[in-house]
Amino acid sequence: MQMLVRKASEARTDQESVTREVTVSEDKRAKLHQAASELHGDIGRQEAALETAQRHAQVQAERQVTVKQLTDKANVLDDLTACFGPKGVRQILIDASAPELEEIADQLFEVATEGRMRLRISTQKALKGGGTAEDFGIMIKDARGERDATEHSGGELQLISILFRVSVSLWIARLKGVQPGCLFLDEAFDRLGVDGAQDLLRVLDSLSDRIGLIAVVTHDHQIADRLQSQIRVVKNSTGATIA
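Residues numbered from 1 in each chain as written. Predicted model: local features only at pLDDT ≥ 70, side-chain atom pairs only at ≥ 80, totals over all residues. Heavy atoms only, no water.

1. Structural notes on the overall build of the protein chain
Summing up its helical and strand segments, the protein chain has five helices and seven strands in all. Listed by position from the N terminus, the elements making up the protein chain come as α-α-β-β-β-α-β-α-β-α-β-β. For the protein chain, with 243 residues in total, the buried portion stands at 24%. Expressed as a percentage of contacts within the protein chain between residues at least 6 apart in sequence, the contacts between residues at least 24 apart total 52%. (Helix = DSSP H or I, 4+ residues; strand = E, 2+ residues; numbered from the N terminus. Buried < 20%, exposed > 50% of the residue type's maximum accessible area, 1.4 Å probe, protein only. Contact = heavy atoms within 4.5 Å.)

Written as C-alpha coordinates, this is what we have:
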(Lines give C-alpha, C1' and ligand atoms only; values in the text may rest on other atoms or scores of the structure.)
Protein backbone atom coordinates (compact mmCIF):
# COMPACT_ATOMS: atom_id res chain seq x y z
CA MET A 1 0.00 0.00 0.00
CA GLN A 2 2.75 2.43 0.90
CA MET A 3 4.40 1.56 -2.38
CA LEU A 4 1.27 2.51 -4.27
CA VAL A 5 1.00 5.78 -2.40
CA ARG A 6 4.64 6.57 -3.17
CA LYS A 7 4.19 5.80 -6.86
CA ALA A 8 1.09 7.94 -7.00
CA SER A 9 3.01 10.80 -5.36
CA GLU A 10 5.82 10.41 -7.84
CA ALA A 11 3.33 10.37 -10.67
CA ARG A 12 1.75 13.60 -9.47
CA THR A 13 5.21 15.14 -9.19
CA ASP A 14 6.04 14.09 -12.73
CA GLN A 15 2.71 15.44 -13.93
CA GLU A 16 3.33 18.79 -12.31
CA SER A 17 6.81 18.90 -13.82
CA VAL A 18 5.44 18.10 -17.26
CA THR A 19 2.70 20.69 -16.79
CA ARG A 20 5.30 23.32 -15.91
CA GLU A 21 7.37 22.37 -18.95
CA VAL A 22 4.31 22.57 -21.18
CA THR A 23 3.50 25.97 -19.75
CA VAL A 24 7.06 27.14 -20.38
CA SER A 25 6.93 25.76 -23.91
CA GLU A 26 3.64 27.51 -24.60
CA ASP A 27 5.10 30.79 -23.30
CA LYS A 28 8.11 30.37 -25.59
CA ARG A 29 5.84 29.53 -28.50
CA ALA A 30 3.74 32.63 -27.82
CA LYS A 31 6.84 34.78 -27.63
CA LEU A 32 8.13 33.25 -30.88
CA HIS A 33 4.78 33.96 -32.58
CA GLN A 34 4.93 37.54 -31.32
CA ALA A 35 8.52 37.92 -32.54
CA ALA A 36 7.58 36.45 -35.91
CA SER A 37 4.63 38.85 -36.15
CA GLU A 38 6.88 41.78 -35.30
CA LEU A 39 9.39 40.64 -37.93
CA HIS A 40 6.63 40.44 -40.54
CA GLY A 41 5.61 43.97 -39.57
CA ASP A 42 9.20 45.17 -39.84
CA ILE A 43 9.53 43.50 -43.25
CA GLY A 44 6.35 45.22 -44.45
CA ARG A 45 7.56 48.61 -43.22
CA GLN A 46 10.97 48.08 -44.78
CA GLU A 47 9.40 47.08 -48.10
CA ALA A 48 7.20 50.21 -48.02
CA ALA A 49 10.22 52.37 -47.19
CA LEU A 50 12.16 50.70 -50.00
CA GLU A 51 9.33 51.38 -52.47
CA THR A 52 9.16 55.02 -51.34
CA ALA A 53 12.94 55.35 -51.72
CA GLN A 54 12.75 53.87 -55.22
CA ARG A 55 10.04 56.37 -56.19
CA HIS A 56 12.13 59.22 -54.81
CA ALA A 57 15.17 57.94 -56.70
CA GLN A 58 13.15 57.85 -59.92
CA VAL A 59 11.88 61.39 -59.35
CA GLN A 60 15.41 62.54 -58.59
CA ALA A 61 16.73 60.91 -61.77
CA GLU A 62 14.00 62.60 -63.83
CA ARG A 63 14.85 65.93 -62.21
CA GLN A 64 18.53 65.44 -63.02
CA VAL A 65 17.62 64.80 -66.66
CA THR A 66 15.49 67.95 -66.70
CA VAL A 67 18.28 69.98 -65.08
CA LYS A 68 20.76 68.72 -67.70
CA GLN A 69 18.38 69.58 -70.54
CA LEU A 70 17.80 73.08 -69.14
CA THR A 71 21.53 73.53 -68.60
CA ASP A 72 22.24 72.50 -72.20
CA LYS A 73 19.60 74.95 -73.47
CA ALA A 74 21.04 77.71 -71.28
CA ASN A 75 24.52 77.01 -72.67
CA VAL A 76 23.19 77.19 -76.22
CA LEU A 77 21.46 80.50 -75.46
CA ASP A 78 24.67 81.82 -73.91
CA ASP A 79 26.56 80.84 -77.06
CA LEU A 80 23.95 82.53 -79.27
CA THR A 81 24.05 85.63 -77.10
CA ALA A 82 27.82 85.74 -77.42
CA CYS A 83 27.69 85.10 -81.18
CA PHE A 84 25.10 87.76 -81.94
CA GLY A 85 26.04 90.18 -79.18
CA PRO A 86 28.21 93.29 -79.48
CA LYS A 87 31.43 91.25 -79.66
CA GLY A 88 30.10 88.30 -81.65
CA VAL A 89 29.63 87.47 -85.31
CA ARG A 90 28.25 90.92 -86.09
CA GLN A 91 31.41 92.65 -84.92
CA ILE A 92 33.62 90.03 -86.60
CA LEU A 93 31.85 90.72 -89.90
CA ILE A 94 32.15 94.47 -89.36
CA ASP A 95 35.86 94.23 -88.61
CA ALA A 96 36.40 92.04 -91.69
CA SER A 97 34.36 94.19 -94.08
CA ALA A 98 35.19 97.67 -92.79
CA PRO A 99 38.60 98.10 -94.54
CA GLU A 100 37.28 97.22 -98.02
CA LEU A 101 34.08 99.22 -97.61
CA GLU A 102 36.11 102.14 -96.26
CA GLU A 103 38.40 102.01 -99.31
CA ILE A 104 35.47 102.15 -101.75
CA ALA A 105 33.67 104.90 -99.88
CA ASP A 106 36.77 107.02 -99.37
CA GLN A 107 37.53 106.89 -103.09
CA LEU A 108 34.00 108.10 -103.88
CA PHE A 109 34.31 110.94 -101.36
CA GLU A 110 37.67 111.94 -102.77
CA VAL A 111 36.25 112.05 -106.32
CA ALA A 112 33.03 113.80 -105.28
CA THR A 113 34.66 116.56 -103.26
CA GLU A 114 37.97 116.68 -105.10
CA GLY A 115 39.76 115.74 -101.91
CA ARG A 116 37.91 118.16 -99.60
CA MET A 117 36.24 115.32 -97.68
CA ARG A 118 37.59 111.89 -96.80
CA LEU A 119 35.87 108.98 -95.08
CA ARG A 120 37.01 106.59 -92.37
CA ILE A 121 35.06 103.76 -90.72
CA SER A 122 35.59 103.46 -87.00
CA THR A 123 34.98 100.07 -85.33
CA GLN A 124 35.92 101.25 -81.82
CA LYS A 125 34.59 104.07 -79.68
CA ALA A 126 35.93 105.60 -76.48
CA LEU A 127 33.77 105.24 -73.38
CA LYS A 128 33.22 108.11 -70.97
CA GLY A 129 34.36 105.98 -68.06
CA GLY A 130 37.51 104.91 -69.90
CA GLY A 131 38.26 102.03 -72.21
CA THR A 132 36.73 101.27 -75.60
CA ALA A 133 33.70 99.46 -77.00
CA GLU A 134 32.85 97.87 -80.34
CA ASP A 135 31.18 100.29 -82.75
CA PHE A 136 30.47 101.10 -86.39
CA GLY A 137 30.93 104.80 -87.03
CA ILE A 138 31.27 106.77 -90.24
CA MET A 139 33.84 109.50 -89.70
CA ILE A 140 34.19 112.38 -92.17
CA LYS A 141 37.34 114.48 -92.37
CA ASP A 142 37.28 117.94 -93.92
CA ALA A 143 38.93 121.31 -93.39
CA ARG A 144 37.34 121.56 -89.93
CA GLY A 145 38.73 118.23 -88.76
CA GLU A 146 37.22 114.77 -88.36
CA ARG A 147 33.64 114.38 -87.14
CA ASP A 148 30.99 111.71 -87.02
CA ALA A 149 28.81 111.77 -90.12
CA THR A 150 25.72 112.39 -87.96
CA GLU A 151 27.19 115.71 -86.84
CA HIS A 152 26.80 117.07 -90.37
CA SER A 153 23.50 118.51 -91.51
CA GLY A 154 21.58 119.70 -94.53
CA GLY A 155 23.16 119.17 -97.94
CA GLU A 156 26.38 117.73 -96.50
CA LEU A 157 24.52 115.00 -94.61
CA GLN A 158 22.44 114.25 -97.71
CA LEU A 159 25.57 113.89 -99.84
CA ILE A 160 27.28 111.70 -97.22
CA SER A 161 24.22 109.45 -97.03
CA ILE A 162 23.97 109.02 -100.81
CA LEU A 163 27.67 108.41 -101.33
CA PHE A 164 27.82 105.82 -98.55
CA ARG A 165 24.78 103.97 -99.90
CA VAL A 166 26.36 103.87 -103.33
CA SER A 167 29.57 102.61 -101.73
CA VAL A 168 27.68 99.78 -100.02
CA SER A 169 26.14 98.79 -103.36
CA LEU A 170 29.58 98.71 -105.00
CA TRP A 171 30.99 96.74 -102.07
CA ILE A 172 28.22 94.11 -102.27
CA ALA A 173 28.78 93.79 -106.02
CA ARG A 174 32.50 93.25 -105.39
CA LEU A 175 31.75 90.55 -102.82
CA LYS A 176 29.59 88.75 -105.37
CA GLY A 177 32.23 89.19 -108.07
CA VAL A 178 29.92 91.07 -110.44
CA GLN A 179 29.57 94.54 -111.88
CA PRO A 180 26.52 96.51 -110.69
CA GLY A 181 23.87 96.32 -113.39
CA CYS A 182 22.08 99.55 -112.54
CA LEU A 183 21.85 102.37 -110.04
CA PHE A 184 18.62 104.31 -109.41
CA LEU A 185 18.67 107.67 -107.64
CA ASP A 186 15.22 109.04 -106.82
CA GLU A 187 15.23 112.76 -105.99
CA ALA A 188 18.81 112.34 -104.76
CA PHE A 189 19.70 115.96 -105.64
CA ASP A 190 17.07 117.47 -103.32
CA ARG A 191 18.64 119.66 -100.60
CA LEU A 192 22.16 119.16 -101.99
CA GLY A 193 22.56 122.73 -103.19
CA VAL A 194 24.69 123.78 -106.15
CA ASP A 195 28.00 122.52 -104.76
CA GLY A 196 26.56 119.23 -103.50
CA ALA A 197 24.84 118.60 -106.84
CA GLN A 198 28.11 119.20 -108.63
CA ASP A 199 29.86 116.76 -106.29
CA LEU A 200 27.28 114.03 -106.90
CA LEU A 201 27.34 114.55 -110.67
CA ARG A 202 31.12 114.20 -110.58
CA VAL A 203 30.75 110.81 -108.86
CA LEU A 204 28.12 109.62 -111.33
CA ASP A 205 30.40 110.53 -114.21
CA SER A 206 33.22 108.51 -112.63
CA LEU A 207 30.91 105.49 -112.21
CA SER A 208 29.60 105.46 -115.77
CA ASP A 209 32.15 102.82 -116.85
CA ARG A 210 31.52 100.64 -113.76
CA ILE A 211 27.72 100.56 -113.69
CA GLY A 212 25.66 99.49 -116.66
CA LEU A 213 22.80 101.95 -116.17
CA ILE A 214 22.54 105.01 -113.92
CA ALA A 215 19.01 106.41 -113.74
CA VAL A 216 18.24 109.68 -111.98
CA VAL A 217 14.71 110.82 -111.13
CA THR A 218 14.63 114.60 -110.71
CA HIS A 219 12.40 117.63 -111.14
CA ASP A 220 15.42 119.90 -111.57
CA HIS A 221 15.83 120.73 -115.27
CA GLN A 222 19.39 121.93 -114.76
CA ILE A 223 20.34 118.52 -113.32
CA ALA A 224 18.47 116.72 -116.11
CA ASP A 225 20.31 118.75 -118.74
CA ARG A 226 23.65 117.53 -117.34
CA LEU A 227 22.77 113.87 -117.95
CA GLN A 228 23.69 112.02 -121.13
CA SER A 229 20.12 111.08 -122.03
CA GLN A 230 16.69 111.97 -120.73
CA ILE A 231 13.16 110.66 -120.54
CA ARG A 232 10.89 113.60 -119.83
CA VAL A 233 7.45 113.04 -118.30
CA VAL A 234 5.28 116.16 -118.72
CA LYS A 235 1.91 116.50 -117.03
CA ASN A 236 -1.00 117.90 -119.02
CA SER A 237 -4.76 118.15 -118.80
CA THR A 238 -5.26 114.58 -119.97
CA GLY A 239 -2.54 113.01 -117.84
CA ALA A 240 1.10 112.98 -118.92
CA THR A 241 3.25 112.63 -121.99
CA ILE A 242 6.70 111.02 -122.36
CA ALA A 243 9.32 112.64 -124.54
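2. Some words on the pairing of strand β3 (residues 145–148)
Taken together, the four bridges between strand β2 (residues 132–142) and β3 define a ladder with antiparallel strand orientation. Across the sheet, the residue bridging to Met 139 is Asp 148, located in β3. Hairpin geometry of β2 and β3 is characterised by an intervening segment of two residues between the two adjacent antiparallel strands. (Pairing = 2+ DSSP bridges.)

3. Digging into the packing of helix α3 (residues 154–176) against helix α4 (residues 193–207)
Two elements in contact, α3 and α4, have axes whose closest approach is 10 Å; the angle formed by their N-to-C orientations is 15 degrees. The orientation of α3 relative to α4 falls into the category roughly parallel. Between α3 and α4 lies a crossing whose hand is right-handed. Residues Leu 159, Ile 162, Leu 163, Val 166 and Leu 170 of α3 pack against Gly 196, Asp 199, Leu 200, Val 203 and Leu 207 of α4. Looking at the contact of α3 with α4 residue by residue, the class counts come to eight nonpolar, one polar and one charged. (Axes fitted to C-alpha atoms, helices over the stretch in contact; angles between N-to-C directions. Parallel < 35°, antiparallel > 145°, perpendicular 65-115°, else oblique. Left-handed = near helix turned anticlockwise from the far one by under 90°. Nonpolar A, V, L, I, M, F, W, Y, C, P; charged D, E, K, R; others polar.)

4. Let's talk about α3
Helix length check: α3 (23 residues) gives 34 Å between terminal C-alpha atoms against 33 Å at 1.5 Å per residue, within 8%. Buried within α3 are the following residues: Gln 158, Leu 159, Ile 160, Ile 162, Leu 163, Phe 164, Val 166, Ser 167, Leu 170, Trp 171 and Ala 173. Of the residues flanking the end of α3, it is Gly 177, one or two places downstream, whose phi is positive at about 75 degrees. (Expected span 1.5 Å × (residues − 1).)

5. Side note on the nonpolar core
Grouped together as the largest cluster of nonpolar side chains are 35 residues, with contacts concentrated most on Leu 119, Ile 140, Phe 189 and Leu 200. Sorting elements by how many residues they give to this core places α3 first, with eight residues. (Core = buried A, V, L, I, M, F, W, Y, C linked by side-chain atoms within 4.5 Å.)

6. Concerning the sheet that holds β2
Taken together, the three strands give an open sheet; going across it, the order is β1-β2-β3, and neighbouring strands pair in antiparallel fashion. Each of the sheet's edge strands pairs with one partner strand only, and the pair in question is β1 (118–126) and β3. Strand-to-strand twist of the sheet, defined as the mean angle between neighbouring strand axes without regard to direction, takes the value 40 degrees. Where β1 meets β2, eight bridges bridge the pair, whose relative direction is antiparallel. Bridging from a neighbouring strand, Ile 121 pairs with Ile 138 of β2. In the packing of α3 onto the sheet, contacts are made with β1, β2 and β3, and the angle to β2 comes to roughly 115 degrees.

7. Side note on the layout of surface pockets
When its volume is computed, the largest pocket comes out at roughly 1,000 Å³. Val 216, Leu 227, Ser 229, Gln 230 and Ile 231 are, among the 27 residues lining the largest pocket, the residues nearest its centre. Among the elements of the structure, α4, β5 (213–217), α5 (221–226) and β6 (233–236) are those that each provide at least two residues to the lining of the largest pocket. Examining the composition of the lining of the largest pocket, we find that five residues originate from one element, β5, more than from any other. Of the residues that constitute the lining of the largest pocket, the class distribution is 13 nonpolar, eight polar and six charged. (1 Å grid on protein atoms, 1.4 Å probe; cavity = no way out; pocket = protein on both sides within 12 Å on 5 of 7 lines; lining within 4 Å. Points joined across faces, edges and corners; volume = space filled by probe spheres on them.)

8. Side note on the confidence of the model for the protein chain
Looking at the protein chain as a whole, the pLDDT averages 81, with 87% of positions reaching at least 70. Of all secondary-structure elements in the protein chain, the lowest mean pLDDT belongs to strand β7 (residues 239–242), at 74, while α3 reaches the highest, 88. (pLDDT = per-residue confidence, 0-100.)

9. Side note on the pattern of salt bridges
Counting across every chain of the model gives 13 salt bridges. By sharing partners, the salt bridges in this structure join Glu 114, Arg 116, Asp 199 and Arg 202 into a single network. (Salt bridge = Lys/Arg side-chain N within 4 Å of Asp/Glu carboxyl O.)

10. Description of the pairing of strand β4 (residues 182–186)
Only one face of β4 is buried, namely the one carrying Leu 183 and Leu 185, since none of Cys 182, Phe 184 and Asp 186 on the opposite face is buried. Handedness of the crossover joining β4 and β5 through α4 is recorded here as right-handed. (Right-handed = clockwise from strand over helix to strand, strands pointing away.)

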